[in-house]
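Inside the fold
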There are 2 protein chains.
Amino acid sequence: MTAKSSPTVLPEPPYYAVVFAAVRTETDPDYDTTLMRMLTLVAEQPGFLGFDNAGGGSSGALGITVAYFQDAGAITAWRDHPEHKVAQQSGKASWFDSYAIHIARVERAYRFDRDEATR
Amino acid sequence: MTAKSSPTVLPEPPYYAVVFAAVRTETDPDYDTTLMRMLTLVAEQPGFLGFDNAGGGSSGALGITVAYFQDAGAITAWRDHPEHKVAQQSGKASWFDSYAIHIARVERAYRFDRDEATR
């Protein structure tokens, strides 16, 4: 995935964050294809607000994706999406060496943009 | 920072997560020194549970650090720590081009470890 120039802009809290911290096994072209498909699909989900992603490009390195949703129901619906479920199975079967998922309700948020701060 | 071999192991929810998504301006040796000092300092804070970190090694690339705490009070205490406050000022003055902070209460969490799954 490409580096982003700034973190995703979000509405005021409360909203939900899904932290996905994962270590990949090895480079697999199927992974990249599925990842692109999942990013398209999640963006179509009702209640999806955006995501931030960092690292994880190489095998053995930790990558973190944080996806933001309007409410807990939107997260459950995405978790249970049939195509996403298939991807989850492949993730466990081969793509990830380990991962942790944290589903959290965002209570407070702050943002800093140099452009705006110095304008 | 070095790549980790797996995401941080945490107790059962509820606990808190602080998502820090940031884009750095340019390489500054003072930043690395301060980062190391902050990591030492935060680990000494009552209620600190651990952290995950990915990306952000180069200027312009998004980095994400997620720090986990026992409760909201531990986060406030860390935010107000005098040495951390000085670091926050330097962050705004020069190290970061932009950042977003999300303070969230983790309600559910899952973990997958290939070693344990296949054992």
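Notes on the structure follow. Quick caveat, the model's predicted, so the values are computed rather than measured.

Here we come to the overall build of chain A. Along its length, chain A carries 4 helices and 4 strands. Secondary structure elements in chain A, listed N-terminal to C-terminal, are β-α-β-β-α-α-β-α. The principal-axis extents of the C-alpha atoms in chain A amount to approximately 45 × 30 × 20 Å. Split into buried and exposed, the 119 residues of chain A put 45% on the buried side. Taking the contacts inside chain A whose residues are at least 6 apart along the sequence as the reference set, 77% of them involve residues at least 24 apart. Accessible surface for chain A amounts to roughly 6,000 Å². Of this, 53% is attributable to carbon and sulfur atoms. Positive and negative side-chain charges of chain A, numbering 11 and 15 respectively, have mean locations separated by a distance of 5 Å.

Considering the arrangement of structural elements, one finds A:S98 in strand 4 (residues 96-113). Since its relative accessible area comes to 1%, A:S98 is described here as buried. With residues up to four places along the chain from it excluded, the contact list for A:S98 reads A:A21, A:A22, A:V23, B:S5, B:S6, B:P7, B:F112 and B:D113.

Across the junction of A:P13 and A:P14, the peptide omega takes the value 5 degrees, indicating a cis bond. Here A:P14 shows up in the segment before strand 1 (15-24).

What follows covers the relation of the copies chain B and chain A. Once turned by 180 degrees and shifted 0.0 Å along the axis, chain B lies on chain A with an RMSD of 0.0 Å. Those values place the two copies in the arrangement expected of a two-fold rotation axis. For chain B, the residue whose C-alpha comes nearest the rotation axis is B:G55, separated from it by 2.1 Å. Taken as a fraction of all interface residues of chain B, those also at the interface in chain A reach 100%, which identifies the copy contact as same-surface.

Geometry of an aromatic ring pair is reported as the spacing of the ring centres plus the angle between the planes. A complete count under the given rule lists 16 aromatic pairs over all chains for this structure. With 5.5 Å between their ring centres and 80 degrees between their planes, A:Y31 and A:W95 make a pair best called edge-to-face. Placement of the pair is A:Y31 in helix 1 (residues 29-43) and A:W95 in helix 3 (residues 82-95), with a sequence separation of 64 residues. For A:Y31, a relative accessible area of 13% translates into the label buried. Ring geometry for A:F96 against A:Y99: centres 5.7 Å apart, planes inclined by 85 degrees, an arrangement best described as edge-to-face. For the pair A:F96 and A:Y99, one class covers both residues: buried. Taken together, the ring pairs in this structure connect A:F20, A:Y31, A:W95, A:F96, A:Y99 and B:F112 into an aromatic cluster.

Right, let's talk about the packing of helix 1 of chain A against helix 3 of chain A for a bit. All names here are of chain A. Between helix 1 and helix 3, the least distance of the axes is 11 Å, while the angle of their chain directions is 150 degrees. With respect to their mutual orientation, helix 1 and helix 3 come out roughly antiparallel. Viewed along their axes, helix 1 and helix 3 form a crossing whose handedness is left-handed. From helix 1, D30, Y31, T34, R37, M38 and L41 reach across to helix 3, where they touch E83, H84, A87 and W95. A per-class count over the contact of helix 1 with helix 3 returns 5 nonpolar, 2 polar and 3 charged.

Moving on, we get to the pairing of strand 3 (residues 62-69) of chain A. On any regular strand, side chains alternate: one points to one face of the sheet, the next to the other face. Residues and elements named next belong to chain A. Burial analysis of strand 3 places 7 of its 8 residues in the buried class, the great majority of the element. Inspection of the sheet shows strand 1 paired to strand 3 by 8 bridges, in the antiparallel sense. Note on strand 3: the bridge partner recorded for V18 is A67. With 7 bridges connecting them, strand 2 (residues 48-55) and strand 3 associate as antiparallel partners. Note that in strand 3 the partner of N53 across the bridge is T65.

Each value, and the rule that gives it
Note on numbering: residues in each chain are counted from 1, in written sequence order. Ligands are numbered from 1 and chains lettered from A, in the order in which they are written. Residues qualify for local features only when their pLDDT is at least 70, as the model is predicted, and side-chain atom pairs are given and counted only at 80 or more; totals for whole chains, interfaces and linings, by contrast, use all residues. Only hydrogens and water are set aside; all other atoms, that is, all heavy atoms of the structure, feed into the side-chain values. Numbering of helices and strands runs from the N terminus; a helix is a DSSP stretch of H or I covering at least four residues, while a strand is a stretch of E covering at least two. When accessible area is computed with a 1.4 Å probe and restricted to protein chains, residues below 20% of their type maximum are described as buried, those above 50% as exposed, and intermediate ones as partly exposed. Note on contacts: a residue pair is in contact if any heavy atoms of the two residues lie within 4.5 Å. A 1.4 Å probe and the Shrake-Rupley method give the accessible areas. Residues count as covered only by the protein chains that appear here. Counted as positive: Lys and Arg. Counted as negative: Asp and Glu. His and the chain ends are not counted at all. Taken as the charge location is NZ of Lys, CZ of Arg, CG of Asp or CD of Glu. To superpose the copies, least squares is applied to the C-alpha atoms of every residue with a pLDDT of at least 70 in both. Aromatic pairing here means that ring centres of Phe, Tyr or Trp (its six-membered ring) are within 6.5 Å. Orientation follows from the plane angle: under 30 degrees is stacked, over 60 is edge-to-face, and everything else is tilted. To get an axis, fit a line to the C-alpha atoms, keeping to the stretch in contact for a helix; angles then go from 0 to 180 degrees between the N-to-C directions. Angles are sorted into four bins: roughly parallel if under 35 degrees, roughly antiparallel if over 145, roughly perpendicular if 65 to 115, and oblique for all others. Crossings are classed by handedness, with left-handed meaning an anticlockwise turn of the near helix from the far one by less than a right angle and right-handed meaning a clockwise turn. Charged residues are taken to be Asp, Glu, Lys and Arg, nonpolar residues to be Ala, Val, Leu, Ile, Met, Phe, Trp, Tyr, Cys and Pro, and polar residues to be all remaining types, Gly included. Each pair of strands is called paired provided DSSP finds at least two bridges between the two strands.

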